[in-house]
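Coordinate analysis (summary)
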Amino acid sequence: MAANILEVDDGSFDAEVLAADKPVLVDFWAPWCGPCRAIGPVIEDISASFGEQVKFVKFNVDDNPATPAKYGIRSIPTLIFFKQGSVVEQIIGIVAKAKLEEIINKIL
Amino acid sequence: MKKADFDLVIIGGGPAGLTAGLYAARARLNVILVEKAIPGGQVNTTDWIENYPGFPKGLSGADLVQNITQQTKRFDLNIENNEVISIDCSENVKEVRLSDRTVTTHTIIIATGVSPRKLGIPGEDRFYGKGVSFCATCDGPFYKNRVVAAIGGGNTAVQESLFLTKFAEKVYLIHRRDELRATKILQERAFANNRIEIIWDSIVTSINGGLTNVENITVKNVKTDNTKELRVDGCFIWAGIHPNTGFLGDCVRLDESGFVIADSNMETSVHGIFVAGDVRNTPLRQIVTAVGDAAIAAFSAEHYIANIN
């Protein structure tokens, strides 16, 4: 995994995501999910160009059921953008790199 | 010969597009493959592939995609993450309008595949990602020890229902006819699986629930017209497909369901435009048929280009 993507779990979610000092993109994924594996490299690519302004986080829903349940996640990959602790955008399923960049630029 | 940016533009990066790219790159055509999301297409969502020759134990869709993509990279196939908005096929040199620019090309291979068809019933959009799903490998494990409905009766519906039984304690397979269309070995497995209950002759007329989750579905028997509510935690929909041809306009001839018509060289009604894979009017939509189409389409494109030079 790229150095600028942080692995977060149920225990560290509040501190690392909700209390973060910049916007956070959380990639909810699991090892069994084919499309999640496909979207991983896209997130890594984007984290290279937006790493300064956005915090990139991966969240394994398999090991950590509490947070996905709290946000009603029943489908992965789900990407959620948090800004000052609130959900500002949610994307379900595979998404193109250009579309993700567009959304990040809108949020920043 | 008139100049063009490319010999060949391949639209779509599923198994068909990637294979066409592999053949074209090895033929040293000046080729670009345009994929709007992520290489692999629908195969990314396929849990396990048992009928692709050469893999005696089978393999996951994600692994197959990674293998084919790596193989194309070995021959330097140029894959661009972009979307084709439209094409202009009125001249011999065709124009492909992308989201940020227009490119010209001598030939095109259409390999845009299909998307799952929505049912168009109440609750379907509202609960998408919150209990309504088109992808068991993405969402199946969220339904550990829960009850789900699966709608459809073809290969995908039956195969994915079997996958769901690894997690769900019960899968209602709801099919509008009195027999399944799926291949026999899948039918045998479904009939033998005590977690699958098939509800015959029935359609789902609405998906119902609270603010955040699906609670039940309304099922109507099409023979008796009786309706009943079935308590489920999720609803998976595999009730058909529609071809991804919106960008084509009226450029090439389509069949009555919107699939692209081609001859045995995979050439469409327009000279120099070829088609491969699920988006083609074809009796069978499998990975193995898609890659076969693609090899022929790339070969035909190469011939077309050789003849204009």
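Residues numbered from 1 in each chain as written. Chains lettered and ligands numbered in written order. Predicted model: local features only at pLDDT ≥ 70, side-chain atom pairs only at ≥ 80, totals over all residues. Heavy atoms only, no water.

**Some words on the nonpolar core**
General note: in soluble globular proteins, nonpolar side chains tend to be found buried as a group. The biggest cluster of nonpolar side chains holds 41 residues, and the ones touching the most others in it are F13, V26, F28 and I76 of chain A. Counting residues per element, this core draws most heavily on helix 4 (residues 155–164) of chain B, which supplies 5 residues. Setting aside anything within four residues of it in sequence, one finds F28 of chain A in contact with F13, C36, F59, V61, T67, I73, I76, P77, T78 and I80 of chain A. In terms of nonpolar packing, the next biggest core, distinct from the first, is built from 34 residues, A24, I68, F75 and M266 of chain B among them. (Core = buried A, V, L, I, M, F, W, Y, C linked by side-chain atoms within 4.5 Å. Buried < 20%, exposed > 50% of the residue type's maximum accessible area, 1.4 Å probe, protein only. Helix = DSSP H or I, 4+ residues; strand = E, 2+ residues; numbered from the N terminus. Contact = heavy atoms within 4.5 Å.)

**Observations concerning the packing of helix 4 of chain B against helix 5 (residues 184–192) of chain B**
Residues and elements named next belong to chain B. Where helix 4 meets helix 5, the axes come as close as 10 Å, and the angle between the chain directions of the two elements is 40°. The angle between helix 4 and helix 5 places the two elements in the oblique class. Seen along the crossing, helix 4 lies across helix 5 with a hand that is left-handed. Only L186, Q187, R189 and A190 of helix 5 make contact with helix 4, whose side of the interface consists of N155, V158, Q159 and L162. Class assignment of the residues belonging to the contact of helix 4 with helix 5 gives a composition of 4 nonpolar, 3 polar and 1 charged. (Axes fitted to C-alpha atoms, helices over the stretch in contact; angles between N-to-C directions. Parallel < 35°, antiparallel > 145°, perpendicular 65-115°, else oblique. Left-handed = near helix turned anticlockwise from the far one by under 90°. Nonpolar A, V, L, I, M, F, W, Y, C, P; charged D, E, K, R; others polar.)

**Quick word on unusual backbone geometry**
Where the residue is not glycine, phi is negative for most of them; where a peptide bond is considered, it is trans in most cases. Going from I76 of chain A to P77 of chain A, the amide bond is cis rather than trans, its omega being 0°. Following the sequence through the fold, P77 of chain A ends up in the loop between helix 3 (66–70) and strand 4 (78–83). The phi dihedral of Q84 of chain A falls on the positive side, at around 45°, and the residue is not glycine. Take Q84 of chain A: its relative accessible area is 76%, and that puts it in the exposed class. Unusually for a residue other than glycine, N145 of chain B sits at a positive phi of about 60°.

**Focus: helix 1 (residues 15–26) of chain B**
Residue and element names in this part refer to chain B. With 12 residues, helix 1 should cover 16 Å at 1.5 Å per step; its first-to-last C-alpha distance of 16 Å lies within 8% of that length. In terms of burial, helix 1 is largely enclosed, as 10 of its 12 residues are buried. Buried-residue contacts for helix 1 involve strand 1 (6–11), strand 2 (31–35), helix 2 (61–74), strand 3 (78–81), strand 6 (102–110) and helix 6 (287–308). R28, located one to two residues past helix 1, shows a positive phi value of around 60°. (Expected span 1.5 Å × (residues − 1).)

**Brief notes about the interface of chain A and chain B**
It is common to report an interface's size as the accessible area lost on association of the parts. Across the boundary between the two partners, chain A contributes 20 residues, which contact 22 residues of chain B. Together, the buried faces of chain A and chain B total about 1,800 Å²; carbon and sulfur atoms form 59% of this surface. Ranking the residues of chain A by area buried against chain B places W32, R37 and R74 of chain A at the top, with a combined share of 41%. Linking chain A to chain B there are 1 salt bridge. R37 of chain A is paired through a salt bridge with D63 of chain B; the nearest N and O atoms lie 2.7 Å apart. Counting the contacts that link chain A with chain B gives 6 residue pairs in polar contact (both at pLDDT 80 or more). Put simply, the parts of the chain that give the side of chain A that touches chain B at least two residues each are helix 2 (34–50) and helix 4 (97–107) of chain A. Looking at the side of chain A that touches chain B, the element that brings in the most residues is helix 2 of chain A, giving 6 residues. (Buried area = accessible area lost by both parts, 1.4 Å probe. Salt bridge = Lys/Arg side-chain N within 4 Å of Asp/Glu carboxyl O. Polar contact = N/O pair within 3.5 Å; in protein donor to acceptor, adjacent residues only side chain to side chain.)

**What about the domain arrangement of chain B?**
All names here are of chain B. Considered domain by domain, chain B is made up of domain 1 (6–115 + 241–308) and domain 2 (118–237). The centre of domain 1, based on its C-alpha atoms, is set 32 Å off from the matching centre of domain 2. Contact residues are listed per partner, giving 6 residues for domain 1 and 8 residues for domain 2. Across the interface of domain 1 and domain 2, roughly 510 Å² is buried in total on both sides, 38% from carbon and sulfur atoms. Summed over the shared surface of domain 1 and domain 2, the result is 1 salt bridge. (Domains from an automatic or database assignment.)

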